[in-house]
Amino acid sequence: MSDLTNTGILSAIADHDGAVSIELDRVTKTYPGQRASAVEDFSMSIQPGELIMFVGPSGCGKTTTMKMINRIIEPTSGSIKIDGKDVLSINPNELRCHIGYVIQQIGLFPHLTIAENIGCVPKLLGWSKTKIAERVDQLLTTVQLDPGQFARRYPRQLSGGQQQRVGVARALAADPPVMLMDEPFGATDPITREKLQAEFLRLQATIGKTIIFVTHDFDEAIRLGDRIAVLSERSQIEQFDTPAAILAAPANDYVASFIGQGSALKRLALIPVTEAALGPAAAGVPAVEHTASLRDALDLLVLTGADRVNVLTGTGPAAGSLGHAAISAALAGAGHAHGQKVG
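What counts as what
Residues numbered from 1 in each chain as written. Predicted model: local features only at pLDDT ≥ 70, side-chain atom pairs only at ≥ 80, totals over all residues. Heavy atoms only, no water. Helix = DSSP H or I, 4+ residues; strand = E, 2+ residues; numbered from the N terminus. Expected span 1.5 Å × (residues − 1). Buried < 20%, exposed > 50% of the residue type's maximum accessible area, 1.4 Å probe, protein only. Contact = heavy atoms within 4.5 Å. Core = buried A, V, L, I, M, F, W, Y, C linked by side-chain atoms within 4.5 Å. Phe/Tyr/Trp six-rings, centres within 6.5 Å; stacked < 30°, edge-to-face > 60°. Lys NZ or Arg CZ within 6 Å of the ring centre and 35° of its normal.

**A look at helix α8 (residues 160–171)**
Taking 1.5 Å of rise per residue, the 12 residues of α8 would be expected to cover 16 Å, and the 17 Å separating its terminal C-alpha atoms lies within 8% of that figure. Here α8 lies mainly inside the structure; 9 of its 12 residues are buried. Residues of α8 that are buried in the fold lie against β6 (99–103), α4 (114–118), α5 (120–124), α6 (129–142), β7 (178–182) and α9 (190–207).

Next comes the structure, spelled out in C-alpha cells:
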C-alpha cells in the first residue's frame, strides 16, 4: 500500500492540516561499549499542538531523546510515531526535511545570505524559486525581521538575537508539523533571552506546531511549556505535568530541587488576574491590563506601595481591583479546579 512507503508516510505527515501527535514507546539508546543506556525505556504521548519542555541536568539524556525523534541519533530499540506513523521505517534524511530543528549554536551557513539559509530546505524539497521567495518574506515578517532589510544580509551582519530568529524561521521554512528545539536561547544574554521567549510564545500562538523544547532552565520551562517533563539519568521521567501542577505539588525532592526557592511567586506568574475575585474599582491607584498575571499585580503593589491595583478591560472602565488578600486567595484556589473564580 502506498501509505506504507517512505513517500506515502512523509506526504501524510507533511500534508497534515495542523499539528500532529508524537508517540514514543519504550525508546532506548545504548551506545556500543557502554554498560548503561543513555536513554532507557522512554515513553511519552504528546498531543497535537503541545509545547513540551524537557528539563534535566547536563548528561541526563534529554537531548539524546529528542534527537532520536528526527533520527540524528538512531534508537537501539522502541518505537517512535508521528501522526500515528512509524518514523523508524522512513529514510532519516528525508524525515529531517519534514521536522523543524533549532539548536543553541543556530548553525546558519555563513556563506549563504539569510534568504538562502531560510530557503535551503524548501529548495531540497523542490519548491519553485517564486514559492521559496514568498515563504522567506513571510517568515522574516513573522519573526519581525524586515525582509527588505535582512534577506540579503549574511549571518555575520546580524546580532545573536537576530540570528536566533533566523534559525527559527529556517526551521519553519517547509511548514513542518513538528519542531525540535535544543536550548535555542541558551547562548543569549538574559535580556535577549527574555525577548526571544516572548517572541516565541507569540509565534507559537500563531503557528500552533507540536514542539519539543530542551532546556536546563526551569524558569524558561515554566514560562514556555504546556507540559514539563523533569528528567533524571537515562532520561527517566520524574514528573510530567503542567507547570502549575509541578509547582503546586512536586513529585519528589529531585523535582523540588529544580523548582528552587520562590515556588509561590512562580505560580503567581502562571495565574491571570482575571482568576482572582475582584473588588470595586478604586480611584487614584495603579492599574494592570486584564491579560496580566497575579505576579505582575503583586510587583506593582510592591513597587508603588499601593493597597490595591485596578484591572483594566482594555476597552472600557476598570473591571475591578484587587489587593494582597485577593492575590493570596487566588493562589490558594489555583490548587483546585483550573479557571475557577476565587470567592
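**A closer look at the nonpolar core**
If you look at the biggest cluster of nonpolar residues, it comprises 42 residues, and the most contacted ones within it are M53, I118, M181, F200, F213, F218 and I228. Residues I22, F42, I46 and I99 belong to the second largest nonpolar core, which totals 27 residues.

**Quick notes on the environment of A174**
Assignment of secondary structure puts A174 in the loop between α8 and β7. Overall, the relative accessible area of 19% leaves A174 in the buried class. Here the alpha-carbon distance between A174 and T65, two residues 109 residues apart in the chain, equals 23 Å. Residues in contact with A174, not counting those within four places in the same chain, are C97, V121, P122, L125 and W127.

**Considering the packing of aromatic side chains**
Scanning the model with the defined rule gives 5 aromatic pairs in all. Both rings, one in F200 and one in F213, keep their centres 5.9 Å apart while their planes meet at 55°; by these two values the pair is tilted. In this pair, F200 sits in helix α9 while F213 sits in strand β8 (residues 210–215), placing the two residues 13 residues apart along the sequence. The rings of F185, F200 and F213 are connected pair by pair, giving a single aromatic cluster. Here the basic side chain of K29 rests over the ring of Y31, its NZ or CZ set 5.0 Å away from the ring centre. In this arrangement the basic side chain of R170 is found over the ring face of F109, its NZ or CZ atom lying 5.5 Å from the centre.

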